[in-house]
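Listed below, chain by chain, are the residues.
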Amino acid sequence: MINGSLAPVKAVITDVRQESPGVKTFTIEPAGTFTMETHPMAKPGQFNMLGYPGVGEAPISFSVLPSGEGKKNKKDKKGKKIFGHTVRTAGRVTGFLSQFGRGDELFLRGPFGRGWPLEEVMGKHLLLITGGLGLAPLRPVIEMARSLAPIEVTLLHGARGPEDIIFKTEFARWQRVGAVKIGLTVDNPGQEQEIAGDIKIHSGLITELIRPLRIEPAQTIAFICGPEIMMRFSARELMLKGMSGSAIHVSVERRMKCGTGHCGHCQIGPWFTCKDGPVFAYDQLKGLPDVIL
């Protein structure tokens, strides 16, 4: 789905928050002629191309969207809205952006891609399974979960270690305001810890949190985001519980360059991640030779 601007637009960083070692959330406000009237509203699961002239661009999913975020994201006097991206320092572009602070300018194009199928959530058990930075593209879904009218929302999140868990300060609010059930686990074994006083951090793989779940396959929809190997085994665990691959949705990461499906860098079988994804039903990707799903 090509629905964003192809021309780079200048944006100003209004806030920077350190989430974990090497991971920051940048809140940005587009400048110039960028308004919600001239550019379509982004949806959870979509992404922007963020970058700087002479450095390059990187596809970064939205972790903060104006809708469902409360008063702090109302339109300003000029009719603009702020949004945010959570970025891990991993390459040339993200390494360059990691040095930016409040008041600095960057450039963006977007929004691009197909997001999470929110229209399928109503009346279902919504299961969110994330690993590492994979929680970021699902944060907007959590924020607007109540308005989607699910039966209940369960979040299972895994990270390398307790220090790598992002959005730590938000879990208690998600539980209280959104009635989200939360399970956390880390790969590195060690003493069990707690977040916000009542969410215990377990040690082990994310699949160990999935196995004890009681799932009604026909009444459950799952959104999964994280490393491909993690998504593969999470999806298989759900299918062993009777879920259909069409009810399991995954967000895949590829080296996207143009955002329009023309350059071919992000092709997966017959699909282009930037245009046909990044969110796909598991059935669409299962068994393709260039993914490990």
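Not measured: the values here are computed from a predicted model.

## Some remarks on a nonpolar patch on the surface
A cluster of nonpolar residues, I229, F233 and I292, forms a patch on the protein surface that exposes about 260 Å² of accessible area. Take I292: it is sitting in the segment after α7 (282-285).

## A closer look at the sheet that holds strand β13 (residues 248-251)
Sheet architecture is open: 8 strands sit in the order β10-β11-β9-β8-β7-β12-β13-β16, paired in mixed fashion. The sheet is open, and its two edges are formed by β10 (193-195) and β16 (279-281), each paired on a single side. The mean inter-strand angle of the sheet, taken between neighbouring strand axes irrespective of direction, is 25°. Bridge count between β13 and β16: 3 bridges; the pairing is antiparallel. Counterpart to V250 in the pairing with β16 is F280. Here helix α3 (residues 171-178) sits on the sheet and contacts β8 (152-159), β9 (180-186), β10 and β11 (199-203); the angle it forms with β9, its principal contact strand, is near 155°.

## Section: the packing of aromatic side chains
Summed over the entire model, instances satisfying the criterion amount to 10 aromatic pairs. Residues F171 and W174 carry aromatic rings whose centres are separated by 5.5 Å and whose planes lie at 80° to one another, so their mutual orientation is edge-to-face. Of this pair, F171 and W174 both sit in helix α3, 3 residues apart, roughly one helical turn. Each member of the pair, F171 as well as W174, carries the same accessibility label: buried. Joined through ring pairs, the aromatic side chains of Y52, F96, F100 and F107 make up one cluster. Cation over ring: R139 sits above F167, and NZ or CZ is 5.8 Å from the ring centre.

## A few points about the confidence of the model for the chain
Confidence along the chain averages 88 in pLDDT terms, with 88% of residues attaining 70 or more. In the model, residues 68-78 has pLDDT below 50 throughout and makes 16 contacts with residues more than four positions away in sequence or in other chains.

## A few points about the pattern of salt bridges
Counted by the stated rule, this structure contains 14 salt bridges. Between K10 and E105 there is a salt bridge whose closest N-O contact spans 3.7 Å. Taken together, the residues K10 in strand β1 (residues 5-20) and E105 in strand β6 (residues 105-112) connect sequence positions 95 residues apart. Take K10: its relative accessible area is 36%, and that puts it in the partly exposed class. You can call E105 partly exposed: its relative accessible area is 36%. For D283, the salt bridge identified is with K286, shortest N-O distance 3.8 Å. Judged by its relative accessible area of 40%, D283 falls in the partly exposed class. Judged by relative accessible area, which is 41%, K286 ranks as partly exposed.

## Let's talk about the environment of L126
For L126, the location among the structural elements is in strand β7 (residues 125-131). For L126, the contacting residues outside a window of four places in its chain are V121, V141, P150, E152, V153, T154, I221 and F223.

## Describing the side chain of T154
Mapped onto the secondary structure, T154 falls in strand β8. In this view, T154 contacts L126, L127, L128 and K181; residues no more than four positions away in its chain are not counted.

## Description of the pairing of β6
For a regular strand, the rule is simple: side chains alternate between the two faces of the sheet. When you tally the buried positions in β6, you get 6 out of 8 residues, the bulk of the element. Bridge analysis of strand β3 (residues 47-52) against β6 gives 4 bridges, and the strand direction is antiparallel. Residue M49 lies in a different strand from β6, and its bridge partner there is R109.

## Some remarks on the nonpolar core
One finds L128, V141, L155, F171, W174 and F223 to be the most contacted residues of the largest nonpolar core, which totals 33 residues. At the level of elements, β7, α2 (139-143), β8, α3, β9, β11 and β12 (220-225) are the ones that each hand at least two residues to this core. In terms of residue count, β9 provides more of this core than any other element does, 4 residues in total. Contacts of F223, omitting those with residues within four sequence positions, involve W116, P117, L118, V121, L126, L127, L128, I129, L138, V141 and H249.

Calculation criteria
Residues numbered from 1 in each chain as written. Predicted model: local features only at pLDDT ≥ 70, side-chain atom pairs only at ≥ 80, totals over all residues. Heavy atoms only, no water. Patch = residues over 30% accessible without salt bridge, like charges linked within 9 Å, V, L, I, M, F, W, Y side chains within 5 Å. Areas by Shrake-Rupley, 256 points an atom, 1.4 Å probe, with all protein chains shown as cover. Salt bridge = Lys/Arg side-chain N within 4 Å of Asp/Glu carboxyl O. Helix = DSSP H or I, 4+ residues; strand = E, 2+ residues; numbered from the N terminus. Pairing = 2+ DSSP bridges. Axes fitted to C-alpha atoms, helices over the stretch in contact; angles between N-to-C directions. Contact = heavy atoms within 4.5 Å. Phe/Tyr/Trp six-rings, centres within 6.5 Å; stacked < 30°, edge-to-face > 60°. Buried < 20%, exposed > 50% of the residue type's maximum accessible area, 1.4 Å probe, protein only. Lys NZ or Arg CZ within 6 Å of the ring centre and 35° of its normal. pLDDT = per-residue confidence, 0-100. Core = buried A, V, L, I, M, F, W, Y, C linked by side-chain atoms within 4.5 Å.

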